[in-house]
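# Geometric and topological summary
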Amino acid sequence: MNSIAPPSWPWSPILYGNVIENVKELDVLKQADKLFILMDDNTEKYCFPQLLPALENLDYKSIIIRPGEAEKQLETCQEIWRELIKGGCTRHSLLINLGGGVIGDMGGFCAAVFKRGFSQIQIPTTLLSQVDASVGNKTGIDFMHIKNIIGAFSPPEAIVIDPKFLQTLPRRQLVSGLAELIKHALIYDRDLWQRCLSFGKALASPTAFVKADSGSCSYKMRSS
Ligand SMILES: NC(=O)c1ccc[n+]([C@@H]2O[C@H](COP(=O)([O-])OP(=O)(O)OC[C@H]3O[C@@H](n4cnc5c(N)ncnc54)[C@H](O)[C@@H]3O)[C@@H](O)[C@H]2O)c1
């Protein structure tokens, strides 16, 4: 029996560093017929001002949802799809997911199935989403209290990682991301473990952590 091998999933480019410079360079931004930005109340307040200079001369529509895992569900997707329809979203539009893993997972999923899929980019703003959730093409939502039970594999056009976003992150969220890094380092990556050991004092504040981090982010890509 002849069989056709499924396509291997492409890896999206990771652009690490200054978010303004990196977003301005993205062709997909200029090519999109409509631009949408999904964020939650916190990322609108703390992260959107850092992205804004990259959007000058571009028309865009903001979609703002409430923060938290409880929002990663079908009702919120319906709100997002409604806003996309009202904003005239087409298969040639672009969604920017500006936020932590909740925004990334849910925005990625909403884009993956709306009109059978349109382009999205990930701009992760928590440590967990920078080191893990935004990389790997997994999108999805929770349903009937089961995490990530509905979803799709959907590669973003790009993943734009700027450690500066972490400066406003509550320390609890920083520690949550670091736990993920440590887990990965212990299993796969001796060098990363050495860097994790040096984070001790830097964990006193997100600003100090950003200075100490020097590129641990995107470990998931490097190790794959
Ligand atoms: N797709 C994957 O491969 C994958 C992997 C791991 C985790 N996940 C998912 O990621 C989610 C958890 O992600 P998370 O920990 O980023 O949580 P989150 O997205 O809920 O963000 C945590 C909190 O931080 C706030 N926040 C985000 N960025 C901020 C910033 N720069 N400054 C101040 N506040 C900010 C958010 O508003 C939220 O209140 C879970 O739903 C999990 O299932 C997905």
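One structure accompanies this document, and this report is about it. In this text the structure is predicted, and so the values were computed from the model without any measurement. Every residue gets a number counted from 1 within its own chain, in the order that chain's sequence is written. Two thresholds apply to this predicted model, a pLDDT of at least 70 for residue-level local features and 80 or more for giving and counting side-chain atom pairs, whereas whole-chain, interface and lining totals are computed over all residues.

### Quick word on the packing of helix H8 (residues 171-188) against helix H9 (residues 190-198)
- Only the contacting stretch of a helix is used when fitting its axis, a line to C-alpha atoms as for every element, and angles between N-to-C directions run 0 to 180 degrees. Secondary structure elements follow DSSP: runs of H or I no shorter than four residues count as helices, runs of E no shorter than two count as strands, and numbering proceeds from the N terminus. Two elements in contact, H8 and H9, have axes separated by 7 Å at closest approach and are oriented at 140°. The orientation of H8 relative to H9 falls into the category oblique. Between H8 and H9 lies a crossing of left-handed hand. Of H9, the residues touching H8 (which contributes Leu181, Ile182, His184, Ala185 and Leu186) are Leu192, Trp193 and Cys196.
- Residue composition of the contact of H8 with H9, by class: seven nonpolar, one polar and no charged. Each angle receives one of four descriptions, namely roughly parallel if under 35 degrees, roughly antiparallel if over 145, roughly perpendicular if within 65 to 115, and oblique otherwise. The crossing is said to be left-handed when, going from far helix to near helix, the turn is anticlockwise and less than a right angle, and right-handed when the turn is clockwise. A pair of residues counts as a contact when their C-beta atoms, built from backbone coordinates, are within 7 Å of each other. Ten residue types, Ala, Val, Leu, Ile, Met, Phe, Trp, Tyr, Cys and Pro, are classed as nonpolar, four, Asp, Glu, Lys and Arg, as charged, and the remainder, Gly among them, as polar.

### A few points about the nonpolar core
- By our criterion, buried Ala, Val, Leu, Ile, Met, Phe, Trp, Tyr and Cys residues that link up through C-beta atoms within 7 Å make up a nonpolar core. Any residue with 12 or fewer other C-beta atoms within 10 Å of its own C-beta is exposed, any with 20 or more is buried, and the rest are partly exposed; the C-beta atoms used are placed from the backbone. Counting 52 residues, the largest nonpolar core has Phe36, Leu38, Ile96, Leu98 and Val160 as its most contacted members.
- Start and end positions for the domains come from either an automated domain assignment or a database one. Here this core spans two domains, and each of domain 1 (14-165) and domain 2 (168-223) adds at least three residues to it.
- Among all residues touching Leu98, those that are not within four sequence positions of it are Ile37, Leu38, Met39, Thr43, Cys47, Phe48, Leu51, Ile103, Ile123 and Thr125.

On their own, these measurements won't tell you what the molecule is for.
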